[in-house]
Amino acid sequence: MDDRNSAADVIAMRPFVPAKDFNISLQFYTDLGFITFRLGDGMASMHLGPFAFLLQSYDRDGFAEHFMMHLLVKDVEAWWARIAALDLAARYGVGPPAAPTLQPWGLVVAYVWDPTGVLWHIAEERR
């Protein structure tokens, strides 16, 4: 395989997302709409259709607070309606999600923090 054809051999590319309390994080992501596939104690593959990440029972001081995920969607307002209805701050003790706002780089972005401190950018391209 040469470098030009290496992408054809890729099956998946998934980041490992940390979880201080694995079961609480599993429930948080399930509430957001992810489908969970347990891979053993302290590991799960979290899916939205063909997209996925690996949730792991892992945390080191400061790691999650510097970890971000970007989710590009077709309708950020629909995602925001779901997020707002979940009352994540009260249910999970996370920072309050930030409503979608047009950013200087041209995306409309809502911000959500998970129970471990991972910041999610849920974004839509400006129409």
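This text follows the structure it describes.
Keep in mind the model is a prediction, meaning the values are calculated, not measured.

Colleague: It is not clear to me how the overall build of the protein should be interpreted in this structure. Could you clarify?
Modeller: Each helix and strand counted, the protein has three helices and eight strands in total. Counting from the amino terminus, helix and strand elements in the protein follow one another as β-α-β-β-β-β-α-α-β-β-β. In terms of principal-axis extent, the alpha carbons of the protein reach across some 50 × 40 × 25 Å. When each of the 127 residues of the protein is scored for burial, the buried share is 42%.

Colleague: Is there a simple way to explain the sheet that holds strand β4 (residues 51–57) in this structure?
Modeller: Spatially, four strands are ordered β1-β4-β3-β2 in an open sheet, and the strand pairing comes out mixed. At either margin of the open sheet sits one strand with a lone partner, and together these are β1 (16–19) and β2 (35–40). Neighbour-to-neighbour, the strand axes of the sheet open up by a mean angle of 30 degrees, direction not taken into account. Packed onto the sheet, helix α1 (residues 22–32) meets β1, β2, β3 (43–48) and β4 and runs at close to 160 degrees relative to β4.

Colleague: It is not clear to me how the nonpolar core should be interpreted in this structure. Could you clarify?
Modeller: Most often, soluble globular proteins have nonpolar side chains that are buried together. In terms of nonpolar packing, the biggest core is built from 32 residues, with Y29, F53, L55, L88, W120 and I122 touching the most fellow members. Among residues more than four places away in sequence, those in contact with W120 are Y29, F34, F53, M69, L71, A110, Y111 and V112. In terms of nonpolar packing, the next biggest core, distinct from the first, is built from five residues, V109, Y111, L119 and A123 among them.

Colleague: Would you mind showing me how to read the side chain of T116 here?
Modeller: If you trace the backbone, T116 turns up in the loop between β7 (107–113) and β8 (119–125). Ignoring sequence-local partners within four residues, the contact set of T116 consists of P18, A19, K20, S25, D59, A64 and E65.

Colleague: What is the right way to read unusual backbone geometry from this model?
Modeller: For residues that are not glycine, phi is negative in most cases, and the peptide bond is trans in most cases. Located in the positive-phi region is D87, a residue other than glycine, with phi close to 50 degrees. Assessed through its relative accessible area of 43%, D87 is described here as partly exposed.

Parameters at a glance
Residues numbered from 1 in each chain as written. Predicted model: local features only at pLDDT ≥ 70, side-chain atom pairs only at ≥ 80, totals over all residues. Heavy atoms only, no water. Helix = DSSP H or I, 4+ residues; strand = E, 2+ residues; numbered from the N terminus. Buried < 20%, exposed > 50% of the residue type's maximum accessible area, 1.4 Å probe, protein only. Pairing = 2+ DSSP bridges. Axes fitted to C-alpha atoms, helices over the stretch in contact; angles between N-to-C directions. Contact = heavy atoms within 4.5 Å. Core = buried A, V, L, I, M, F, W, Y, C linked by side-chain atoms within 4.5 Å.

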